[in-house]
Amino acid sequence: MTTELNAIKFKSQTHPSHRFQNLYGLLGDDLLYQSWEQLNKRVAPGIDGITVPTYQQALVENLTRLRLALKARRYRANDIKQVFIPKSNGKQRPLGLPTVDDKLVQQSVSQILQSIWEAGFLPNSYGYRPHKGAHQAVHSVVLNLQFKGYGYIVEADIKGFFDNLDHDWLMEMLKQRIDDKALFSLIGQWLKARIKTPEGD
């Protein structure tokens, strides 16, 4: 599977206007197992209550079931379990917890999308990228302040960005590089998944 993802990455780099087809077909055993290896094994369970250790006890059977459901187009996204975690300012931040099945398929699709879009990011872009994060960003800022003569830092944030993300525009942006209705249907399920609050709403 790494070879196939590398081929997509190479095609994306060398053909910036190419629209990829048949990506849904990559959601097989190899990619699901690869996604399992990358999954955070300490995450809380989703709406079905199934923990990662419980899922792992029947891993082969679970991944086979998931792969067959995807192949037959029977996979359906589960509801999202909402919990609230405390923030440093005393407020609470809502957090959505997908099921292990959904996490695995989402991770698989994420790997495919990263193979396409990673080539387009600038080296100084650190958000939500593989092997990049806040620590590297801070290190870069420190180096720039020490050696490039900058005298100030500007911090900005978009309040509630993910709460206000326009799903139609998001899909239009994906269509710039992807021509795969089955994959769009899958992503659409996650965007429209119902959120179950602690009160059961």
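Residues numbered from 1 in each chain as written. Predicted model: local features only at pLDDT ≥ 70, side-chain atom pairs only at ≥ 80, totals over all residues. Heavy atoms only, no water.

Novice: So what exactly am I meant to see when it comes to helix H8 (residues 181-191) here?
Specialist: In an α-helix, one turn spans 3.6 residues; hence positions three or four apart end up facing the same way. Where burial is concerned, most of H8 is hidden: eight out of the 11 residues are buried. Its side-chain oxygen at 3.2 Å from the backbone nitrogen of Ala182, Asp180 defines the N-terminal cap of H8. (Buried < 20%, exposed > 50% of the residue type's maximum accessible area, 1.4 Å probe, protein only. Helix = DSSP H or I, 4+ residues; strand = E, 2+ residues; numbered from the N terminus. Polar contact = N/O pair within 3.5 Å; in protein donor to acceptor, adjacent residues only side chain to side chain.)

Novice: When you look at the packing of helix H2 (residues 29-38) against helix H4 (residues 59-71) in this model, what are you seeing that I'm missing?
Specialist: Helix packing for two helices is described by the angle between their axes and how far apart those axes are. Interaxial distance between H2 and H4 falls to 10 Å at its minimum, and their mutual angle equals 130°. When the interaxial angle is binned, H2 and H4 end up oblique. Classified by chirality, the crossing of H4 by H2 is right-handed. Judged by residue contacts, Asp29, Leu32, Tyr33 and Trp36 of H2 engage Leu59, Val60, Leu63, Leu66, Arg67 and Leu70 from H4. Taken together, the residues of the contact of H2 with H4 sort by class into eight nonpolar, no polar and two charged. (Axes fitted to C-alpha atoms, helices over the stretch in contact; angles between N-to-C directions. Parallel < 35°, antiparallel > 145°, perpendicular 65-115°, else oblique. Left-handed = near helix turned anticlockwise from the far one by under 90°. Contact = heavy atoms within 4.5 Å. Nonpolar A, V, L, I, M, F, W, Y, C, P; charged D, E, K, R; others polar.)

Novice: Got a minute to help me understand the layout of surface pockets in this structure?
Specialist: It is a probe the size of a water molecule, rolled over the atoms, that shows where empty space is left. Reported here for the second largest pocket is a volume of approximately 280 Å³. Around the second largest pocket sit Asn124, Tyr126, Ala137, Ser140, Val141, Asn144, Leu145, Tyr150, Gly151, Tyr152 and Ile153, which together line it. Looking at the lining of the second largest pocket residue by residue, the class counts come to seven nonpolar, four polar and no charged. (1 Å grid on protein atoms, 1.4 Å probe; cavity = no way out; pocket = protein on both sides within 12 Å on 5 of 7 lines; lining within 4 Å. Points joined across faces, edges and corners; volume = space filled by probe spheres on them.)

Novice: Where do I start with the pairing of strand S2 (residues 92-97) in this structure?
Specialist: Within a regular strand, side chains alternate between the sheet's two faces. Alignment of strand S1 (residues 80-86) against S2, held across six bridges, turns out to be antiparallel. Among the inter-strand pairings, Gln82 is bridged to a residue of S2, identified as Gly96. Where S1 hands over to S2, the hairpin turn is made up of five residues, of which Gly90 adopts a positive phi near 90°. (Pairing = 2+ DSSP bridges.)

Novice: What's the story with the packing of aromatic side chains in this structure? I'm lost.
Specialist: Aromatic ring pairs: the centre-centre distance and the angle between the two ring planes describe each pair. Here the structure, examined in full by the defined rule, presents one aromatic pair. Where Trp36 meets Tyr55, the ring centres are 5.9 Å apart and the plane angle is 20°; that geometry is what we call stacked. One end of the pair, Trp36, is in helix H2; the other, Tyr55, is in helix H3 (residues 52-57), with 19 residues separating them in the sequence. By relative accessible area, Trp36 is classed as buried at 2%. A cation over a ring is seen here: Lys41 above Trp36, with NZ or CZ 4.9 Å from the ring centre. (Phe/Tyr/Trp six-rings, centres within 6.5 Å; stacked < 30°, edge-to-face > 60°. Lys NZ or Arg CZ within 6 Å of the ring centre and 35° of its normal.)

Novice: How should the nonpolar core be read in this particular structure?
Specialist: General note: in soluble globular proteins, nonpolar side chains tend to be found buried as a group. In terms of nonpolar packing, the biggest core is built from 36 residues, with Leu23, Leu70, Val109 and Leu186 touching the most fellow members. Looking at this core, the elements that each hand over two or more residues are helix H1 (2-14), H2, H3, H4, helix H5 (100-117), helix H7 (167-175) and H8. Looking at this core element by element, the count peaks at seven residues for H5. Apart from the residues lying within four places of it in its own chain, the contact partners of Leu23 are Ile8, Ile112, Ile116, Ile178, Asp180 and Leu183. (Core = buried A, V, L, I, M, F, W, Y, C linked by side-chain atoms within 4.5 Å.)

Novice: Is there a simple way to explain the pattern of salt bridges in this structure?
Specialist: Where charged atoms of side chains with opposite charge meet at close range, the side chains can pair. Taken as a whole and assessed by the stated rule, the structure comprises five salt bridges. Note that Arg67 and Asp29 form a salt bridge whose closest N and O atoms lie 3.1 Å from each other. Here Asp29 lies in helix H2 and Arg67 lies in helix H4, a separation of 38 residues in the sequence. We classify Arg67 as partly exposed; its relative accessible area is 22%. Overall, Asp29 belongs to the partly exposed group, its relative accessible area being 30%. (Salt bridge = Lys/Arg side-chain N within 4 Å of Asp/Glu carboxyl O.)

Interpretation note: all reported values are geometric properties and have no functional meaning in isolation.
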